[in-house]
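As a plain string of letters, each chain reads:
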Amino acid sequence: MLLRHTPKEVVERSALTINPAKTCQPVGAMYAALGIHKCLPHSHGSQGCCAYHRSALTRHYAEPIMASTSSFTEGASVFGGQSNMLESINNIFALYDPDIIAVNTTCLSEVIGDDLNQIINRAIADNKIPKGKTVMYASTPSFKGSHVTGYANMLTAMVQNFATNTGKKNKSITLLPSFVEPSDMSEIKHIAAEMGIDYIMYPDTSGVVNAPMDGKFHMYPKGGTPREKIIASGDSRYALALGRVGTFQAAQLLDSKCKVKTEILDLPIGISATDAFIDKLRTTSGVTVPESITVERGQLVDVLCDKAQYVYGKKISLMGDPDILFGLVQFCKDAGMEVIHVITGTPAGAKWDRRIKELAGPNAIVKSGAQADLFYFHQLLQNTKPDLIFGNTYCKYIARDMDIPLIRTGFPIYDRIGHSYFPITGYRGGLHLLVKILDVFMDRQDRDASEEKFELVM
Ligand code: SF4
């Protein structure tokens, strides 16, 4: 009932955003920073911003998220945040002893024009940064972009600050994943390990935001990529970036700064994209695909063949993050589903729009950017009702209003668990995703079936 006021008629808007289909840049930057071992994210702005960033991540992962703030008040807002930042650096190293402080800016510090380069150089000149420690930063103004942009900016800052070309290549392949769950990062590592690849992957939030409960508090959990590995990525013989929107800048920088040959692939979601990822690992490393991977692929294909009749021709509407959406659309098309709407609040660019349109088909409505919001998504769904929605927790209001099943994907997911532990990438992730889709359609069939059509065996 909550959204019954949403009119069916779509009116073109150029400025107004209603219920954005995204969160703010620092959230993504913080998430990326958590993927470096012993790194403390730091929000350069007001306490309120940091409280929001941390709470978004804490609610999504159901884990305490550690992050500090420059605690701007009126004074910092008028005179600049340098003294707050310098005092923060003192306190953080004295109290929390991270190896790295990863600073993200906020709307406020960007608007007043704080120069983080200059502030960090001042901290170095004043000996505020202990030997062997680093303060890095990414510019993350949230009046543009989204959490995916923030993630991309922090990933680029990692390459900028650490990746080093010593002139002597090592044997590793560097993997740069876009904004995906820790479970997906584990799955990407699992594939590389099964293939016998010597890899470096960053960021890597597995074992950080989904760490096991052991009864003790760990300020810095065991997971996260060690700084030495990120430095060594500058000597990698090859790099694969997974998910164009979240990794493009970082991949380009690794190529231009360190002369590491870099290629960008789609996230390995679904059979086609996982095939492409594995084939690229195979050809660049001269390895063969092991039996274990072939079995995983075969199991996914088997279930898809067994139950294709439950998914074939179903109408699907998707909202979320651009790189994940690309994988999901491909997954749906591979499984014979009809994609009718795809929207993302992230300004993913004309190339993304074009590629999604090509993939989804001429009848699909595709929109990205600030006006691709949940109000618009609801209007689209009112005009053509799908059989299933993929989207984040905020879609639950639309799903309930229209009685459409919702599979929660992307960020944020505040009302379900599992995304941290069960992937959607790789063949195993594909199987997990397919089972979720089948459960939804079979549950609906059971719910809606007449007595004589209520089947024991499906
Ligand atoms: S949108 Fe801007 S003001 Fe709001 S929490 Fe994010 S950084 Fe802070």
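Residues numbered from 1 in each chain as written. Predicted model: local features only at pLDDT ≥ 70, side-chain atom pairs only at ≥ 80, totals over all residues.

As recorded in an unreviewed UniProt entry, the chain goes by Nitrogenase molybdenum-iron protein beta chain and comes from Leadbettera azotonutricia. Per UniProt, the chain has the following entry under Subunit (unreviewed entry): "Tetramer of two alpha and two beta chains. Forms complex with the iron protein (nitrogenase component 2)." Taken from UniProt, the Sequence similarities (unreviewed entry) comment for the chain reads in full: "Belongs to the NifD/NifK/NifE/NifN family." (UniProt positions renumbered as here; feature names shortened; annotations may be inferred.)

Enquirer: I'm lost on the overall build of the chain in this one. Help?
Expert: If you tally the helices and strands in the chain, you get 17 helices and 13 strands. Here the chain has a C-alpha radius of gyration of 23 Å; the compact-globule value for 458 residues is 23 Å, and the two agree. Taken over the C-alpha atoms alone, the chain extends approximately 80 × 55 × 45 Å along its principal axes. Counting the 458 residues in the chain, one finds 50% classified as buried. Once local pairs closer than 6 in sequence are excluded, the contacts in the chain between residues at least 24 apart make up 73%. (Helix = DSSP H or I, 4+ residues; strand = E, 2+ residues; numbered from the N terminus. Rg over C-alpha atoms; globule rule 2.2 N^0.38 Å. Buried ≥ 20, exposed ≤ 12 C-beta atoms within 10 Å, placed from the backbone. Contact = placed C-beta atoms within 7 Å.)

Enquirer: Looking at this structure, I do not really get the site of the ligand. What am I missing?
Expert: Near the ligand, the surroundings consist of C24, P26, G45, C49, Y52, T106, C107 and S142. Of the residues assigned to the shell around the ligand, the class counts are 5 nonpolar, 3 polar and no charged. (Near = placed C-beta within 6 Å. Nonpolar A, V, L, I, M, F, W, Y, C, P; charged D, E, K, R; others polar.)

Enquirer: Would you explain the sheet that holds strand β11 (residues 365-368) in this entry?
Expert: Strands sit in the order β11-β10-β9-β12-β13 across an open sheet of 5 strands; the sheet is parallel. One side of each edge strand has no neighbouring strand; the edge strands of this open sheet are β11 and β13 (406-408). Mean inter-strand twist for the sheet, computed between neighbouring axes without regard to direction, equals 15°. Looking at chain direction, strand β10 (residues 338-344) and β11 are connected through 4 bridges and run parallel. Across the sheet, H341 pairs through a bridge with I365, a residue of β11. Where helix α13 (residues 322-334) meets the sheet, its contacts fall on β9 (315-319), β10, β11 and β12 (388-391), and the angle it forms with β10 comes to roughly 180°. Docked against the sheet, helix α15 (residues 374-383) engages β9, β10 and β11, running at close to 165° with respect to β10. (Pairing = 2+ DSSP bridges. Axes fitted to C-alpha atoms, helices over the stretch in contact; angles between N-to-C directions.)

Enquirer: Help me understand the nonpolar core, please; the structure alone is not making it clear to me.
Expert: Within soluble globular proteins, side chains that are nonpolar generally end up buried alongside one another. Residues M154, V329, V339 and V342 are the most contacted members of the largest nonpolar core, which totals 120 residues. No other element matches helix α7 (residues 147-161), which puts 8 residues into this core. Ignoring any residue separated from it by four or fewer positions in sequence, one finds M154 in contact with A29, A32, A33, A102, N104 and A138. (Core = buried A, V, L, I, M, F, W, Y, C linked by C-beta atoms within 7 Å.)

Enquirer: Teacher, can you tell me more about the domain arrangement of the chain here?
Expert: By a widespread convention, an interface's size corresponds to the accessible area lost as its parts come together. Looking at the chain, the domain boundaries give domain 1 (25-151), domain 2 (173-209 + 217-291) and domain 3 (307-448). Averaged C-alpha coordinates put domain 1 and domain 3 at centres separated by 33 Å. Counting only elements with at least two residues in the side of domain 1 that touches domain 3, the list comes to α2 (47-61) and α7. No other element matches α2, which puts 4 residues into the side of domain 1 that touches domain 3. (Domains from an automatic or database assignment.)

Enquirer: Explanation requested: the packing of helix α1 (residues 25-33) against α7 in the structure shown.
Expert: Two quantities define a packed helix pair, namely the angle between the axes and the distance from one axis to the other. Contact geometry for α1 and α7: axes closest at 6 Å, N-to-C directions at 45°. Taken together, α1 and α7 sit at an angle that is classed as oblique. In terms of crossing hand, the pair formed by α1 and α7 is right-handed. Two secondary-structure elements touch here, α1 through Q25, P26, V27, G28, A29, Y31, A32 and A33 and α7 through H147, V148, T149, G150, Y151, N153, M154 and L155. (Parallel < 35°, antiparallel > 145°, perpendicular 65-115°, else oblique. Left-handed = near helix turned anticlockwise from the far one by under 90°.)

Enquirer: I keep staring at the environment of V159 and nothing clicks. Help me out?
Expert: Summarising the element assignment, V159 is placed in helix α7. Separated by 99 residues in sequence, V159 and C258 place their C-alpha atoms 9.2 Å apart. Setting aside residues no more than four positions away along its own chain, V159 makes contact with A250, L253, L254 and K257.

Enquirer: Any chance you could explain the sheet that holds strand β6 (residues 199-201) here in plain terms?
Expert: Hydrogen bonds along the backbone pair up the strands of a sheet, which may run parallel or antiparallel. The strand order β6-β5-β7-β8 describes an open sheet built from 4 strands, whose pairing is parallel. Two strands lie at the open edges of the sheet, namely β6 and β8 (262-265), each paired on one side alone. Mean inter-strand twist for the sheet, computed between neighbouring axes without regard to direction, equals 20°. Sheet contacts for helix α8 (residues 182-194): β5 (173-177), β6 and β7 (238-242); angle to β5, the most-contacted strand, approximately 155°.

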